[in-house]
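# Understanding the architecture of this molecule
Listed here are the chains, written in short residue letters.
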Amino acid sequence: MQIKIKYLLLLILLLAGSLQARSDDEIKRGLYFRSFEVDKDQRTCLNLSPDRPLVFSKGFSMEFDLQLRREYQSFGYVFRIVGNDTLNMDFLANIPSGDANFSLVVKNKAALQFKNPEIGENVENRWIKASFVFDPAAHTVSVSLDGARKEATCSLDGLKHFKIYFGGNTHDVFSTTDVVPMLVKDIRLFDEKRKPVRHWELAKHASDCVYDECISDKATVQNPVWKIDRHAKWTKRETLVCAGQNHQIAFDRKGDRIYFAEDTALFVYDFKENMTDTIQVLARVPFSDDRSNQVVYDPNRRVLISYYFEDRKLAIFDFSTRKWNSDDQPIAITEKYSHHSRVFIENDNLLVTFGGYGHHRYNSIFHKCRVVENIWEEADLSQSIPPRYLGGMGYMGNGKLLYFGGFGNESGIQEESPRNYYDLYTIDIDSETVKKTWELPHPKEHFTNSNSLAVDKDNGKFYALAYPNKRYASVIKLHEYSLDKPEYHAVGDSIPYFFNDVESYCDLFQSSDGSELYAVTSCARGNSSNINIYAIAFPPLSPEEVVQQPPLRSNTRLWLLLLALPAGLVPALAVYRKRRSRLPDSDDRPTVPIPGKEEEPAVYKSLFTEKKPSSIYLLGHFQVIDSDGNDIAKNLTPTTTRLFLLLLMSTVRNGRGITSAELQKILWFDKDDDSARNNRGVYINKLRSILKSFTEIRVINHEGYWTIQFGKNVFCDYERVQALMKMIQSDERLQIKLLTELADIALKGTLLPHLQPEDWLDSYQSDYANRLIECLMEHSKRDEVKTDLLLLLKIADVILLHDNIDEDAIRLKCYILFRSGRKNQAVQAFNKFTADYEDLLAAKHNLVFDDLVKSI
């Protein structure tokens, strides 16, 4: 595999990322490790070396950020490093321990320990800078925590291959489920010269893996909880059922609390504490009979204010006495201002409202109330803003309001063709002047908004909840708008919402520290109202913005990425020339010159032409030849193809197959369990029907695993290669004929080169290529192989097929060709390697042709 193409892609992505308006400091990052609070099979495991060990022959160092949290059991593994599959180096945390809070254990003894005072009294809920250094030359290991460093002498000679795990792991010998409650981010690996070789940010991620920033190397994760997902997913915090239909809602931004007022009680939800309290009202009631009236929180006096438009009355709720100060006189129910927008400006003790609906009329009335004196003013802004309701309003600061959207018409009369509005205005509170900023073109599906906006003036944006007002059962989306131009896009996932006009309500608020947005929805049903409270981290991101794409692997995708960049970046990347695809067609196979022959022997040619009945070919072109000699691969749809390959390759890899849950995660991740189960049943039946002409193949479910079972007369090139590698590696006496068969089959092509890249497929392709290269290269150094030039040449070609800049393989190929008298072909192979190397890495290699042909 040409892993190093990822250096180029990294440069491109970094350049593109520098243009993003979002600050990385605002984005929550890190992997949250599930620990003893869940069952063992639900705990988090991070594997930095899933496909192959990390190779550090002269030592390495690792740095990461660590945050611990206290649970009822706060002990476990931070990381475990396994060297050569024989020796463990474990870093453990034990928060409550009075002896040692952190320990580095080598083999079965503690090599060094830290206590809390050495790194600060409190190690919980704060980021700790941690590092580990393995120095075989000095025979030492060391750990640093927030600058406090300890070193131990250990005899660890010969360690070269390392597997690194955080939290739990499933290693054959050193597995564990003792996961310390922690959060980890920014894992960096350095070689012995402190050169960065890996960096997993643990921010953006794929479904069950994450790629590093240096070469896009993959780490896999089980049971992850990603902090960045809080920016893209609403979390339901609370569900309440309140009596009646006209409860009033107020938000205390300083205290991060939201109040729901009804006649006999006040419900208080505290976002910081994530708890709900109920305050029984001892006397009088707010103005709740009229849907037009609402309540606001006054942080200056720490009271709730219920306001009544018709008689311009205010009712104050005193938390110390638990009483409203309203009089006992009944109020006239006019309902002229339902779904109006409101803002309370605490510095001026000023309540401001706009718009509303009632009695088949929309209005453009602008109200101002100085709540301390209860002085009201109103103005009709219909000449500037057509009458409407269901619009959103937010405070810009400096006496300016922002108002967006709504539903109404110019006359204000409901019968005269009301419509949705998508215009943005600024309103000067003092002068009551209005300026229209922009107007959006009408979307495909009309929507209206939350009554409040969240304004991010520093970044030139504002946010509103949006929902289709033509449907009852719908969803709310969070929209991010530009303050300067008519642009918006949806961020976050959706919130279920039932819109029943004035009997429904939704609103949007921002936390005191600006780190979260809160959404509140309410829908009246019968004599009660269902209220739901949600939160999302700020700034919100679209689901696509938290997904890390697998490494790009072809010319087409690379240049599509270049074209997607701003024009100013293209000249900076022009130094890179178009390169040859690393995954060749099966027709683009090696045409190797054979010593003493003028053309390819028959064995080379037959590899690419002979297709036997009852055969499955995954190397090169994908073909499924049934018992009658027909290629039935063309009968497979994209989904049945993926299902067939997942069942087949998982069976070959682990002998068991794949579970229904794993299939759902890959094929039907966007479906709920019932829908995924139905889809799985449909496609399993389709696959079985297509495979009927394959008499010795069965799709079965055994002990919870879906597997493909085939008879001894069925040939699969992928399965045969895996079996040959296992036989070769397990037998100390090398059988040349097995190695030759392995090279012959592998020369057909790479694994499924023409399939659309996906995370699961990349895992199989990487594992296959790495194991194949390692096996062939290891046995090419055996004395009995060095005398077989034809076999050596095949080995070199197989390796270059999978990694066309492999230095060991080109050294082998040039030597054989040169010593066989094919000097011109040796030079051509070297020149092609040089061109590929420079195209790929924009750098020159250090190989010299004259040195290559002297010896192997």
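Residues numbered from 1 in each chain as written. Predicted model: local features only at pLDDT ≥ 70, side-chain atom pairs only at ≥ 80, totals over all residues. Heavy atoms only, no water.

## A few points about the overall build of the chain
Short version of the rule: Helix numbering and strand numbering both begin at the N terminus, where a helix is a DSSP run of H or I of at least 4 residues and a strand a DSSP run of E of at least 2. Buried, partly exposed and exposed residues are distinguished by accessible area as a fraction of the type maximum, computed with a 1.4 Å probe on protein chains only: under 20%, between the cut-offs, and over 50%, respectively. With residues, only the protein chains shown are counted as cover, and all accessible areas are computed by Shrake-Rupley using a 1.4 Å probe.
If you tally the helices and strands in the chain, you get 16 helices and 51 strands. The buried share among the 856 residues of the chain stands at 56%. Surface accessibility of the chain: about 38,100 Å² in total, with carbon and sulfur atoms responsible for 47%.

## Brief notes about the pattern of salt bridges
Condition: Each reported salt bridge corresponds to a side-chain nitrogen of Lys or Arg within 4 Å of a carboxyl oxygen of Asp or Glu.
By the definition in use, this model includes 42 salt bridges. Between Arg388 and Asp423 there is a salt bridge; the shortest N-O distance is 2.7 Å. One end of the pair, Arg388, is in strand S33 (residues 388-389); the other, Asp423, is in strand S36 (residues 419-428), with 35 residues separating them in the sequence. A salt bridge links Arg677 to Asp674; the shortest N-O distance between them is 2.8 Å. Of this pair, Arg677 and Asp674 both sit in helix H8 (residues 673-690), three residues apart, which is roughly one turn of that helix. You can call Arg677 partly exposed: its relative accessible area is 43%. In this structure Asp674 comes out as partly exposed when scored by relative accessible area, which is 49%. Sharing partners across several salt bridges, the network here consists of Glu37, Arg69 and Glu71.

## Quick word on helix H6 (residues 638-654)
Our working definition: For a helix, the expected span equals 1.5 Å multiplied by the residue count minus one.
Here H6 is 17 residues long and its end C-alpha atoms lie 24 Å apart, about the 24 Å a rise of 1.5 Å per residue gives. In terms of burial, H6 is largely enclosed, as 13 of its 17 residues are buried. Directly beyond the C-terminal end of H6, a positive phi value near 80° is found at Gly655.

## Looking at the pairing of strand S6 (residues 87-94)
Inclusion rule: Two strands are said to pair when DSSP picks up at least two bridges between them.
Most of S6 sits out of view: seven of its eight residues are buried. Two elements, strand S5 (residues 75-83) and S6, share eight bridges in a ladder whose sense is antiparallel. Across the sheet, the residue bridging to Gly76 is Ala93, located in S6. Count of turn residues in the S5/S6 antiparallel hairpin: three residues, of which Asn84 carries a positive phi of about 55°. Bridge count between S6 and strand S7 (residues 102-106): five bridges; the pairing is antiparallel. Paired with Ala93 across the strands is Phe102, a residue of S7.

## Overview of the sheet that holds strand S22 (residues 275-280)
Worth spelling out the cut-off: Simply put, an axis is a line fit to the C-alpha atoms, just over the touching stretch for a helix, and the angle between two N-to-C directions goes from 0 to 180 degrees.
The four strands are arranged S19-S20-S21-S22 in an open sheet whose pairing can be described as antiparallel. Each edge of the open sheet carries a strand with a single partner, namely strand S19 (248-252) and S22. For this sheet, the mean inter-axis angle between neighbouring strands, taken without regard to orientation, is 20°. Here strand S21 (residues 265-270) pairs with S22 via six bridges, running antiparallel. In the strand pairing of S22, Leu266 is matched with Ile279.

## Structural notes on the packing of H6 against H8
For the record, the criterion: Angles are sorted into four bins: roughly parallel if under 35 degrees, roughly antiparallel if over 145, roughly perpendicular if 65 to 115, and oblique for all others. Throughout, a residue-residue contact means that at least one pair of heavy atoms, one from each residue, lies within 4.5 Å.
Running from N to C, H6 and H8 cross one another at 80°; their axes reach a closest spacing of 10 Å. When the interaxial angle is binned, H6 and H8 end up roughly perpendicular. Between H6 and H8, the residues in contact are Thr639, Thr640, Leu643, Phe644 and Leu647 and Tyr683, Ile684, Lys686 and Leu687, respectively.

## Some details on the environment of Thr448
Along the chain, Thr448 turns up in strand S38 (residues 448-449). As for Thr448 and Ile476, which are separated by 28 residues in sequence, their C-alpha atoms are 9.9 Å apart. Once residues lying within four places of it in the same chain are set aside, the contact partners of Thr448 are Leu390, Gly406, Phe407, Asn420, Leu465, Ala466, Tyr467 and Asn469.

## Comments concerning unusual backbone geometry
Residue Phe538 is joined to Pro539 through a cis peptide bond whose omega torsion reads 0°. Structurally, the position occupied by Pro539 is in the loop between strand S45 (528-537) and helix H3 (555-564). Positive phi outside glycine occurs at Asp256, with the angle close to 50°. For Asp256, the position within the fold is in the loop between S19 and strand S20 (257-261). The buried category is assigned to Asp256, whose relative accessible area is 3%. Positive phi outside glycine occurs at Glu703, with the angle close to 55°. With respect to the secondary-structure elements, Glu703 resides in the loop between strand S49 (697-702) and strand S50 (705-710).

## Here we look at the sheet that holds S45
Read across the open sheet, the four strands follow the order S18-S45-S44-S43; overall the sheet is antiparallel. Unpaired on one side and paired on the other, strand S18 (235-243) and strand S43 (504-510) mark the two borders of the sheet. In this sheet, neighbouring strand axes are inclined to one another by 15° on average, regardless of whether the strands run parallel or antiparallel. Across eight bridges, S18 lies against S45 in antiparallel orientation. By the bridge assignment for S45, Thr239 is matched with Asn532.

## Regarding the nonpolar core
How we decide: Here the nonpolar core consists of buried residues drawn from Ala, Val, Leu, Ile, Met, Phe, Trp, Tyr and Cys, with membership extended through side-chain atoms lying within 4.5 Å.
By size, the foremost hydrophobic cluster in this structure holds 85 residues, and its most contacted members are Ile616, Leu618, Phe644, Leu647, Met649 and Leu742. Top element by residues in this core is helix H11 (residues 759-780). It accounts for nine residues. Counting 60 residues, the second largest nonpolar core, distinct from the first, contains Phe33, Phe56, Met62 and Ala219.

## Thoughts on the packing of aromatic side chains
Keep this limit in mind: Between the rings of Phe, Tyr and Trp (Trp by its six-membered ring), a pair exists once the centres lie within 6.5 Å; its type follows the angle of the planes, with under 30 degrees stacked, over 60 edge-to-face, and the other angles tilted. Working rule: Lys NZ or Arg CZ, within 6 Å of ring centre, within 35 degrees of ring normal, means a charge sits over the ring.
Overall, the coordinates contain 51 aromatic pairs when judged by the stated rule. For the ring pair Phe64 and Phe166, a centre distance of 5.1 Å and an interplane angle of 85° mean the geometry is edge-to-face. Separated by 102 residues along the polypeptide, Phe64 in strand S4 (residues 60-68) and Phe166 in strand S12 (residues 161-167) bring together distant segments of the chain. Phe166 sits in the buried class, given a relative accessible area of 0%. Three or more aromatic residues joined by ring pairs make a cluster, and in this case those are Phe56, Phe60, Phe64, Phe79, Phe91, Phe102, Phe132, Phe134, Phe162 and Phe166. The side chain of Lys686 reaches across the aromatic face of Tyr683, ending 4.6 Å from its centre.

## So, the pairing of S12
Among the seven residues of S12, six are classified as buried, and the element is accordingly described as predominantly covered. Bridge count between strand S3 (residues 54-55) and S12: two bridges; the pairing is antiparallel. In the sheet register, Val55 faces S12, and the bridge partner there is His161. With five bridges connecting them, S5 and S12 associate as antiparallel partners. The residue of S12 that forms the bridge with Arg80 is Tyr165.

By themselves, these are just geometric observations and shouldn't be taken as functional.
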